[in-house]
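Residue-level structural notes
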Amino acid sequence: MCGEFFFAFFSFLEVFFISTKDTTLINDDIRAKEVRVIGADGEQVGILALNDAKELAYDKGLDLVLISPQAEPPVCRIMDYGKYRFEKEKKQKEAKKKQQIVKVKEIQLSCRIDTHDFETRANHARKFLEGGDKVKVIVRFKGREMAHQDLGRAMLEKFIAACADVGSSEKGISLDGRFMSTIIAPNKK
């Protein structure tokens, strides 16, 4: 019983780490008979047998890296693989830094909200919008308030108007069960 668990656990780890590992084939991992070789400075060397291509790369003190395995014949490049991998990871980190993650903040109102509470929530929404986040505004109907959906719609329109200088409604006002909602997106700068 315990052995089966460990076998399953280690096979899971193996699959996990293999899937996150770089799958670029280099040097002895390449299995083609002949390859099209691109030199270290970008010039076309031509189609060579795999052993000749590896020997050419080793003579220059570099690696033979498989660039395009689906081409006929496969395309390999002579380069420093460590430097290539470093540059690739650096580009991925830069792309990740430039990504902007937009969060959706939620603010709940009711039909009978007091003016001060309304202003406080509107100020919170303005701060979220200025920070670049979207705001989902929800009016919850309790009990017999469902008969007065026009009050909820008016409340949402008033809220959208209170945040008009920093954001605008992304989609119209929609009713989902006992909730009426809209999403306010920040204005482009």
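Residues numbered from 1 in each chain as written. Predicted model: local features only at pLDDT ≥ 70, side-chain atom pairs only at ≥ 80, totals over all residues. Heavy atoms only, no water.

1. A word on the nonpolar core
Ranked by size, the top nonpolar core spans 20 residues in total, and within it L109, V137, V139 and F159 carry the most contacts. Discounting residues that sit within four places of it in the chain, F159 has contacts with I107, L109, F118, R121, A122, A125, V137 and I184. In this structure, V35, V37, L50 and C76 belong to the second largest nonpolar core, which totals 10 residues. (Core = buried A, V, L, I, M, F, W, Y, C linked by side-chain atoms within 4.5 Å. Buried < 20%, exposed > 50% of the residue type's maximum accessible area, 1.4 Å probe, protein only. Contact = heavy atoms within 4.5 Å.)

2. Here we look at the confidence of the model for the chain
Segments scoring low in pLDDT should not have their predicted coordinates read at a detailed level. Mean pLDDT over the chain stands at 83; residues scoring 70 or higher make up 88%. Low pLDDT, under 50, characterises residues 15-20; the predicted model gives this stretch zero contacts beyond four residues in sequence or across chains. (pLDDT = per-residue confidence, 0-100.)

3. Re the packing of aromatic side chains
Under the definition given, this model contains two aromatic pairs. Judged by centre distance (5.6 Å) and plane angle (90°), the rings of F118 and F159 are edge-to-face. On the criterion of sequence distance, the pair formed by F118 in helix α4 (residues 115-130) and F159 in helix α5 (residues 149-162) is long-range, its members being 41 residues apart. Each member of the pair, F118 together with F159, is buried. Taking the ring centre of F118 as reference, the NZ or CZ of K158 above it sits at 4.7 Å. (Phe/Tyr/Trp six-rings, centres within 6.5 Å; stacked < 30°, edge-to-face > 60°. Helix = DSSP H or I, 4+ residues; strand = E, 2+ residues; numbered from the N terminus. Lys NZ or Arg CZ within 6 Å of the ring centre and 35° of its normal.)

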